Amino acid sequence: MSVLPPEIQHALSQLLNILQSSDNVQRTQAEEQLSNEWVQPRPDVLLMGLVEQIQGALDAPTRSYAAVLFRRIATRTRPDPTTNVSKELFLTLPQPSRHAIQQKLLLCLQAENAANVRNKTGDAIAELARQYTEEGGTNIFLGSEQTEC
Amino acid sequence: MLIRRTGEQWQELLGALFQASQSTDAGQRENAFRIFATTPGIIEKQHEEVVLSAFTKGFEDEDVSVRLETSIASHPSNKI
């Protein structure tokens, strides 16, 4: 089921543990590592890795944390590597990566039994959907005039 | 008018949410409407019928949380 090699999943899983640690020094180091070794050089691997954590991590708090982190990273802005225009990170990923990530996220939503994790996964999905459609698109129940209020 | 930022769509999303809204699991049904409530832009004019049928069922759901989320999703200002 996993797209990423076990060693990458293992490294990410360890990093997630430290990111949730109560030790400020350790957590700060882990945040730097997250930024320098994952977000900047390989955001697609990171987002796929987080989805696979949502899918496969045994404890619910880690699945929940992975979903929250996924949403946070996906909404960061960075220059699009092809056009250099700043965009939300998820939209700067190549289309095949985006497709694989979002499809797996839908599978996570279907399979998840813990309500809290499911809500967080739903929030992540809603966020990606928002990036695709301009926020506040027509709600068929309201019409465009009222949504602008 | 729905303005697209990228010109791309997430084709499978609406189908997956529709399916979740018909699930036997109340949590799945509730979550489908939570996502509609968070991102109303998912609902497009051309899918009006499918979405209306999902909402009609949602309003009559046996589970109160599902009815509540359906209400919020149908009119985001209902959000508490």
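Residues numbered from 1 in each chain as written. Chains lettered and ligands numbered in written order. Predicted model: local features only at pLDDT ≥ 70, side-chain atom pairs only at ≥ 80, totals over all residues.

(A) How the structure looks around the overall build of chain A. Counting its regular elements, chain A contains eight helices and two strands. Across the 149 residues of chain A, 32% fall into the buried class. Of the contacts formed within chain A by residues at least 6 apart in sequence, a portion of 51% connects residues at least 24 apart. (Helix = DSSP H or I, 4+ residues; strand = E, 2+ residues; numbered from the N terminus. Buried ≥ 20, exposed ≤ 12 C-beta atoms within 10 Å, placed from the backbone. Contact = placed C-beta atoms within 7 Å.)

(B) Up close: helix H4 (residues 64-74) of chain B. Residues and elements named next belong to chain B. Among the residues of H4, those classed as buried are Val66, Glu69, Thr70, Ala73 and Ser74. In a view along the axis of H4, the buried residues occupy a sector of 135°, so they form one face of it. The inward-facing, buried residues of H4 abut helix H2 (26-38) and helix H3 (48-59). (Arc of directions from axis to C-beta.)

(C) Geometry of the nonpolar core. Core analysis: the biggest nonpolar cluster contains 47 residues, and A:Val51, A:Phe70, A:Ile125 and B:Phe36 have the highest contact counts within it. If one sorts the elements of this core by residue count, helix H7 (residues 115-132) of chain A sits on top with seven residues. In this structure B:Phe36 touches B:Leu17, B:Ile42, B:Ile43 and B:Ala73, once residues within four positions along its chain are discounted. (Core = buried A, V, L, I, M, F, W, Y, C linked by C-beta atoms within 7 Å.)

(D) Layout of the confidence of the model for chain A. All names here are of chain A. Residues of chain A with pLDDT of at least 70 account for 89%, and the chain-wide mean is 88. Of all the helices and strands in chain A, helix H8 (residues 143-147) carries the lowest mean pLDDT, 43, while helix H4 (residues 60-74) carries the highest, 97. Confidence drops under a pLDDT of 50 for residues 135-140, and excluding neighbours within four residues, the segment shows 20 contacts in the predicted structure. A low-confidence stretch, residues 142-149 (pLDDT under 50), is modelled with seven contacts involving residues beyond four sequence positions or located in other chains. (pLDDT = per-residue confidence, 0-100.)

(E) Main features of the packing of helix H6 (residues 95-111) of chain A against H7(A). All names here are of chain A. Close contact between H6 and H7 brings their axes to 9 Å; oriented N to C, the two are set at 150°. Between H6 and H7, the interaxial angle falls into the category roughly antiparallel. The way H6 lies across H7 gives a crossing that is left-handed. Here Gln102, Leu105, Leu106, Cys108 and Leu109 of H6 come into contact with H7, specifically with Arg118, Thr121, Gly122, Ala124, Ile125 and Leu128. (Axes fitted to C-alpha atoms, helices over the stretch in contact; angles between N-to-C directions. Parallel < 35°, antiparallel > 145°, perpendicular 65-115°, else oblique. Left-handed = near helix turned anticlockwise from the far one by under 90°.)

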